[in-house]
Amino acid sequence: MSESGKAFWNGVRAEIPLLIGVFPFGMIYGALALNAGLSTPAAQLMSSIVFAGSAQFVTTQLVHDAAPGFVIVLTIAVVNLRHMLYSASLAPYLKNLSLKWKALLSYLLTDEAYAPTILNYEKEGITPVSHWFLFGAGFSLWFNWQVSTALGIFLGAAIPSEWPLDFALPLTFIAMVVPILRNRPMIAAATSAGLIALLAFSLPYKLGIILAALTGITVGTILESGKSPKGML
Amino acid sequence: MNIWLIMLIGGLLTYGMRFSLIFLFGRFEVPDTMRKALHYVPPAVLSAIIFPELIYPSGNLNLSFGNTRLLAGIIAMLVAWYTKNTLLTILAGMAALLILQLFYT
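Colleague: In this structure, what is going on with the pattern of salt bridges? I would like to understand it.
Modeller: A side chain with one charge may pair with a side chain of the opposite charge, provided their charged atoms come close. Within this structure, the stated rule accounts for four salt bridges over all chains. For the salt bridge of Glu124 of chain A with Lys123 of chain A, the shortest nitrogen-to-oxygen distance reads 3.5 Å. Overall, the relative accessible area of 52% leaves Glu124 of chain A in the exposed class. Residues Asp166 of chain A and Arg69 of chain B are paired through a salt bridge, measuring 3.1 Å at the closest nitrogen-oxygen approach. With Asp166 of chain A in the loop between helix 8 (131–156) and helix 9 (168–177) and Arg69 of chain B in helix 4 (residues 68–83), the pair connects residues from two separate chains. Of the two residues examined, Asp166 of chain A and Arg69 of chain B, each falls in the buried class.

Structure (structure tokens):
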């Protein structure tokens, strides 16, 4: 096998444990998106147009709550800001690639593609074919996400609409948040955002969510100042 | 706004952020404050969604024991805290909601 082929399959292999973890989420997303009122093509294509798990879950919730478009777009932007960090972190390893490769790999740069790739680059260093590793990890995740979304849409259509399936969304968010509440700034960020969201509930256009999120981020950042940052996103 | 337009703008913004610093390598650094602030995006955004979903379940404030979504949410939080298992948390919360609804109807 060529060197680039080897690097590609190494990327795929490193991604496999993550694929197993992500698959049920793609299915849950697909089923919930239909339940929230998205059409089948919109639910499926969001997985390739936005291609970011947590942002897609949040979008689904906000569509379900009939939030206006600009609030949804703003929320997607805030939720996905972290990708700038991944972009910054991988940039030195990708600096010699053509613009086409940079553009393609950027599209595939998710949390799950970033994690094994940065570990590999830090350990193995950079070679003329190492971008194939990121391509293998990113593409296998992309493929897995499309298939799991489709399966979720297919199975979700069979679930009776009177079931309280919409509750699975806040439950998914609870499952994401609670385990990261490991220190005081994290807990303060979560509780202050939650309280402001309640107090600002009657604001028009669901603006309370944006206000609450910004409050939580500010509270956490201020409390952390002076201490060393803990934990990952 | 149309859902397709929302997805298109949301997708372009996401792509732009992924591409940004790979493209601008050497010409722009992420400021430290922003790096720090990004740690607090997930707890802040997600809590801002979770709290109203549990406490204003049908658009009205409900802090009574009859609020099945709040009770089921609290059970899910306990499961998440002790197991750190995502699927288990979702299943426990759904099961709790279905069982509580049987009691209240």
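Colleague: Sorry if this is basic, but what is going on with helix 5 (residues 83–94) of chain A here?
Modeller: Turn by turn, an α-helix covers 3.6 residues, leaving residues three or four places apart pointing in a common direction. The first and last C-alpha atoms of helix 5 of chain A sit 15 Å apart over twelve residues, in line with the 16 Å expected at 1.5 Å per residue. Every buried residue belonging to helix 5 of chain A is among His83, Met84, Leu85, Tyr86, Ser87, Leu90, Ala91 and Leu94 of chain A, and all of these are buried. The inward-facing, buried residues of helix 5 of chain A abut helix 4 (69–80), helix 6 (99–107), helix 7 (111–124) and helix 8 of chain A together with helix 1 (3–23) and helix 2 (32–38) of chain B.

Colleague: Can you walk me through the interface of chain B and chain A in this structure?
Modeller: Interfaces are often described in size by the accessible area the parts lose on coming together. Listed as interface residues are 63 residues of chain B and, on the opposing side, 89 residues of chain A. Buried surface at the junction of chain B and chain A, both sides included, amounts to about 6,800 Å², of which 81% is carbon and sulfur. When the buried area of chain B at its contact with chain A is split by residue, Arg18, Ile22 and Tyr40 of chain B rank highest and sum to 13% of it. Seen at the junction of chain B and chain A, the total is 13 residue pairs in polar contact (both at pLDDT 80 or more). For the side of chain B that touches chain A, the secondary structure elements donating two or more residues are helix 1, helix 2, helix 3 (41–55), helix 4 and helix 5 (86–104) of chain B. In terms of residue count, helix 1 of chain B provides more of the side of chain B that touches chain A than any other element does, 18 residues in total. In the side of chain B that touches chain A, the residues fall into 44 nonpolar, 13 polar and six charged.

Colleague: Explanation requested: the packing of aromatic side chains in the structure shown.
Modeller: The description of an aromatic ring pair uses the distance of the two centres, along with the angle that the planes make with each other. Residues and elements named next belong to chain A. Within this structure, the stated rule accounts for 18 aromatic pairs over all chains. Measuring from ring centre to ring centre gives 5.2 Å for Tyr93 and Tyr121, while their planes differ by 45°; the resulting arrangement is tilted. Placement of the pair is Tyr93 in helix 5 and Tyr121 in helix 7, with a sequence separation of 28 residues. Overall, the relative accessible area of 25% leaves Tyr93 in the partly exposed class. Ring geometry for Trp101 and Phe135: centres 5.7 Å apart, planes at 90°, overall edge-to-face. Note that Trp101 is positioned in helix 6 and Phe135 in helix 8, a separation of 34 residues in sequence. Accessibility expressed as a relative area gives 21% for Trp101, which makes it partly exposed.

About the cut-offs
Residues numbered from 1 in each chain as written. Chains lettered and ligands numbered in written order. Predicted model: local features only at pLDDT ≥ 70, side-chain atom pairs only at ≥ 80, totals over all residues. Heavy atoms only, no water. Salt bridge = Lys/Arg side-chain N within 4 Å of Asp/Glu carboxyl O. Buried < 20%, exposed > 50% of the residue type's maximum accessible area, 1.4 Å probe, protein only. Helix = DSSP H or I, 4+ residues; strand = E, 2+ residues; numbered from the N terminus. Expected span 1.5 Å × (residues − 1). Contact = heavy atoms within 4.5 Å. Buried area = accessible area lost by both parts, 1.4 Å probe. Polar contact = N/O pair within 3.5 Å; in protein donor to acceptor, adjacent residues only side chain to side chain. Nonpolar A, V, L, I, M, F, W, Y, C, P; charged D, E, K, R; others polar. Phe/Tyr/Trp six-rings, centres within 6.5 Å; stacked < 30°, edge-to-face > 60°.

All we've got here are geometric facts, nothing functional implied.
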